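# Fold and contact review
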Amino acid sequence: VIMAGMGTGLAPWRAVTQDRIAQKRAGQAVGPCMLFFGARYAKYEYLYREEFEQYINEGVLTMHTAFSRDQARKIYVQHRIVEAGPTIAQMMLRENGHFYVCGSARQVPEDIYAAMKQVMMTSEGCSELEAEATLSNLKMEGRYTVEAWS
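Now for a look at the structure at hand. Fair warning: this is a prediction, and the values are worked out from it, not measured in the lab. (Residues numbered from 1 in each chain as written. Predicted model: local features only at pLDDT ≥ 70, side-chain atom pairs only at ≥ 80, totals over all residues. Heavy atoms only, no water.)

### As for the pairing of strand E2 (residues 34-39)
The buried fraction of E2 is high, at six of six residues. Of the two faces of E2, the one carrying Met 34, Phe 36 and Gly 38 and the one carrying Leu 35, Phe 37 and Ala 39 are both buried. By the bridge criterion, five bridges tie strand E1 (residues 2-6) to E2 in an arrangement that is parallel. Bridge assignment links Met 6 to a residue of E2, and that residue is Gly 38. (Buried < 20%, exposed > 50% of the residue type's maximum accessible area, 1.4 Å probe, protein only. Helix = DSSP H or I, 4+ residues; strand = E, 2+ residues; numbered from the N terminus. Pairing = 2+ DSSP bridges.)

### What about the layout of surface pockets?
Empty space within the largest pocket amounts to approximately 630 Å³. As for the largest pocket, its lining consists of 24 residues, and the residues nearest its centre are Met 6, Gly 7, Ser 104, Arg 106 and Val 108. When contributions to the lining of the largest pocket are tallied by element, the ones reaching two or more residues are E2, helix H4 (77-83), strand E4 (99-104) and helix H6 (108-124). The residue makeup of the lining of the largest pocket, split by class, is 10 nonpolar, nine polar and five charged. (1 Å grid on protein atoms, 1.4 Å probe; cavity = no way out; pocket = protein on both sides within 12 Å on 5 of 7 lines; lining within 4 Å. Points joined across faces, edges and corners; volume = space filled by probe spheres on them. Nonpolar A, V, L, I, M, F, W, Y, C, P; charged D, E, K, R; others polar.)

### Digging into the environment of His 98
With respect to the element layout, His 98 can be found in the loop between helix H5 (85-94) and E4. A relative accessible area of 24% places His 98 in the partly exposed class. The spatial distance from the C-alpha of His 98 to the C-alpha of Ile 88 is 9.8 Å, given a sequence separation of 10 residues. Those residues within four positions of His 98 in sequence are excluded, and the remaining contacts are Val 1, Ile 2, Met 92, Gly 142 and Arg 143. Within the local environment of His 98, its side chain forms a polar contact with the backbone oxygen of Asn 96, the two atoms lying 3.4 Å apart. (Contact = heavy atoms within 4.5 Å. Polar contact = N/O pair within 3.5 Å; in protein donor to acceptor, adjacent residues only side chain to side chain.)

### What about the packing of helix H1 (residues 11-25) against helix H3 (residues 49-57)?
For the pair H1 and H3, the least separation of the axes is 11 Å and the interaxial angle reads 40°. As judged from the angle between their axes, H1 and H3 are oblique. Two packed elements cross with a definite hand, and for H1 against H3 that hand is left-handed. Residues Arg 14, Thr 17, Gln 18 and Ile 21 of H1 form the contact with H3, whose own contacting residues are Glu 51, Phe 52 and Tyr 55. Looking at the contact of H1 with H3 residue by residue, the classes come out as three nonpolar, two polar and two charged. (Axes fitted to C-alpha atoms, helices over the stretch in contact; angles between N-to-C directions. Parallel < 35°, antiparallel > 145°, perpendicular 65-115°, else oblique. Left-handed = near helix turned anticlockwise from the far one by under 90°.)

### Overview of the sheet that holds E4
Spatially, E3-E2-E1-E4-E5 is the arrangement adopted by the five strands of the open sheet, whose pairing is parallel. Lying at the two open borders of the sheet, with one neighbouring strand each, are strand E3 (62-67) and strand E5 (144-149). When strand polarity is set aside, the average angle formed by the axes of neighbouring strands in this sheet is 10°. Judged from the four bridges that link them, E1 and E4 form a sheet pairing that is parallel. Opposite Met 3, over in E4, you have Tyr 100 as the bridge partner.

### Brief notes about H3
Along H3, the positions that sit buried rather than exposed are Glu 51, Phe 52 and Tyr 55. The buried residues of H3 all sit within an arc of 95° when viewed along its axis, so they share a single face. For H3, the exposed residues set more than 90 degrees away from the buried face come down to Glu 50 and Asn 57. Backbone geometry just after H3 places Gly 59 at a positive phi near 80°. (Arc of directions from axis to C-beta.)

### Some remarks on H6
Given a rise of 1.5 Å per residue, 17 residues ought to cover 24 Å, and the 24 Å separating the end C-alpha atoms of H6 matches this to within 8%. Of the residues making up H6, those classed as buried are Pro 109, Ile 112, Ala 115, Met 116, Lys 117, Val 119 and Met 120. Contacts made by the buried residues of H6 are with H4, H5, E4, helix H7 (128-140) and E5. (Expected span 1.5 Å × (residues − 1).)

Encoded structure:
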């Protein structure tokens, strides 16, 4: 499972991660879980930080954060997705992974889609059209889902 949440879009992924933690603590096998979280400032907006750090320590979660205003050059979730491209491609294309995006409908879904397209082109050595077809197929299979609001 790969999840991307911006701002309050983190809340659903907290619930998913809590469920996975409960499964692991009950002795059930839990597959890899990767979370991308973005906000403006870590100091003010890193929601549930201690809780997520515990999940990372328990081996249930890998987390990539992007705080756009904490440095001179703005860093967004889509940048972190591209950085983790080989792992994302492996999880999505070879391990039957699912990718979920939750957050603002403004520019975020398009920016995340562009990052995922770049991941597919770079990791798979394919054309832009082939990457778009791959993402389209993932959407049709219910393995690339966006929940965005205005």
